[in-house]
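Remarks on the overall topology
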Amino acid sequence: MTPLSDPDITEAELDAVRAALVSPTLQGGPQVEAFEQAFARAIGRSYAVAVASGGIGMMLALKALGLGPGQEVVAPSYSFRETAHAIVQVGATPVFADIDYWAGTLAPDKAEARITPACRALIAANSNGHPAAWSELRALADRHGLKLIEDSTEAIGSTYQGAPVGSFGDCAVFDFSQPGPLVCGSGGMVVTDDAVVAATLRSLRGRRPDERFSVVLGATPPLQVGMDALSAALGLAQLGRLDSILARRKQIEHLYHEQIRSFEGIKDPYIAPEVGEVHWFLYLVHLGTRFSQSSRDAIVDDLETEGIEAAAYCSPLHLQRHYFDRGYRRGQLFVTEKLADRAVALPFHTHLTRDKIAFIVATMKEASVNVGAGSAIYL
């Protein structure tokens, strides 16, 4: 089987984990603090708080910014990672807005149309690695007095107007599970420049052993959702190699592009003018409008038959049962549904070879013909 994701692990990561295993502290400790400090420097933020996952990080960010029952948060429904579920988990109400057709990110004008007096925050995602329109979103949030939260769980390494993703929100959330380039089993990071927000995040996350009897800190029940030392050691080693991992993934991207240009009607992956660099989370192929959701699923099944793990990139949140039961229906977010129905994620990791990519693309092309829709697909 050619997996969708295969982490780039070397002796550097193995040595880091071995050292953590023989350390006296496996829960939290100096490895976590070192990872936080290094990550904050890498992103250019003042504070970084390591947590158990990106989804947990989003929930803590919302809580730290004061979001809760009776309030609304505008967010996209289009994402591979379902961090928007955190809105429900803090008791607030998600209000889904549509996305830009080309970038796949929250469209500022469509988000503004969804803002009501109950709205208190915007969440925008750097979908599949492409940065959202952060200058417009920042202006929109400031104009309406809203908090701006950056979901960067899919985009580490990408840049917007010369700055790395993670630089733009009041808080930004990263995730370190597969299939991202920086992987530490499970874990996430919340970054911010606000000292009070950072302190609140840490208070919500959990207690250090020397804080367990603090009367002051005991006023806030902790969730005990911190990162363990093994994950932090692995993450820190991966962070030290991140540039080389991203460079190799760029090579894989170019190999894909060489092969997939043989499809009729192909167009290059879109990168917005204000975006400096995009490091894709997954290698997505967008099928043409002649394809349906069912034909997309048939192509995924055909690839699996040939030993290639592929997946639908997105199951829109607004069409999932929890939100469907609260009034959302198909047709309300046209662009989100159109892209989600036709997006196929192909294997994307540093262990792929030119021959393997050629086989994947040839199999994909044959599968698209087998479903009776021809070979017109669009990246």
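Scroll up to find the structure this text is about.
Residue indices begin from 1 for each chain and proceed along its sequence in written order. Confidence filtering applies because this is a predicted model: local features only for residues at pLDDT of at least 70, side-chain atom pairs given and counted only at 80 or more, and all residues used for totals across whole chains, interfaces and linings. Side-chain measures here rest on the full set of heavy atoms in the structure, leaving out hydrogens and waters.

What follows covers the pattern of salt bridges. By salt bridge we mean one thing: a side-chain nitrogen of Lys or Arg within 4 Å of a carboxyl oxygen of Asp or Glu. Applying the stated criterion to the full structure yields 16 salt bridges. With its nearest N and O atoms 3.2 Å apart, the salt bridge here joins Asp193 to Arg45. With Asp193 in the loop between β9 (188-192) and α7 (195-205) and Arg45 in the loop between α2 (30-43) and β1 (47-51), this residue pair connects regions lying 148 residues apart in the sequence. The class of Arg45 is buried, set by a relative accessible area of 8%. Here the residues in one salt-bridge network are Asp8, Glu13 and Arg241, joined through shared partners. Strands are runs of DSSP state E lasting at least two residues, helices are runs of H or I lasting at least four, and both sets are numbered from the N terminus onward. Note on classification: 1.4 Å probe, protein chains only; a residue is buried when its accessible area is under 20% of the maximum for its type, exposed when over 50%, partly exposed between these limits.

Residues Leu62, Tyr256, Leu346 and Met364 are the most contacted members of the largest nonpolar core, which totals 78 residues. Contacts were defined at the residue level, with two residues in contact if any of their heavy atoms lie within 4.5 Å. Apart from residues lying up to four places away in sequence, Tyr256 is in contact with Tyr283, Leu346, Pro347, Phe348, Leu352, Ile357, Ile360 and Val361. We call a set of buried residues a nonpolar core when its members are Ala, Val, Leu, Ile, Met, Phe, Trp, Tyr or Cys and they connect through side-chain atoms within 4.5 Å of each other.

Moving on: helix α8 (residues 229-240). Relative to the 16 Å expected for 12 residues at 1.5 Å per residue, α8 spans 17 Å between its end C-alpha atoms, a close match to the ideal helical length. The buried count for α8 comes to nine of 12 residues, which makes it a mostly enclosed element. Residues of α8 that are buried: Ala229, Ser231, Ala232, Ala233, Leu234, Gly235, Ala237, Gln238 and Leu239. On its buried side, α8 packs onto α1 (11-21), α2 and α9 (242-260). Where α8 starts, the residue carrying a side-chain oxygen 3.0 Å from the main-chain nitrogen of Leu230 turns out to be Asp228. For a helix, the expected span equals 1.5 Å multiplied by the number of residues minus one. A 3.5 Å cut-off defines polar contacts: any pair of N or O atoms within that distance qualifies, except that in protein one atom must be a possible hydrogen donor and the other a possible acceptor, and neighbouring residues in sequence count only when both atoms are side-chain atoms.

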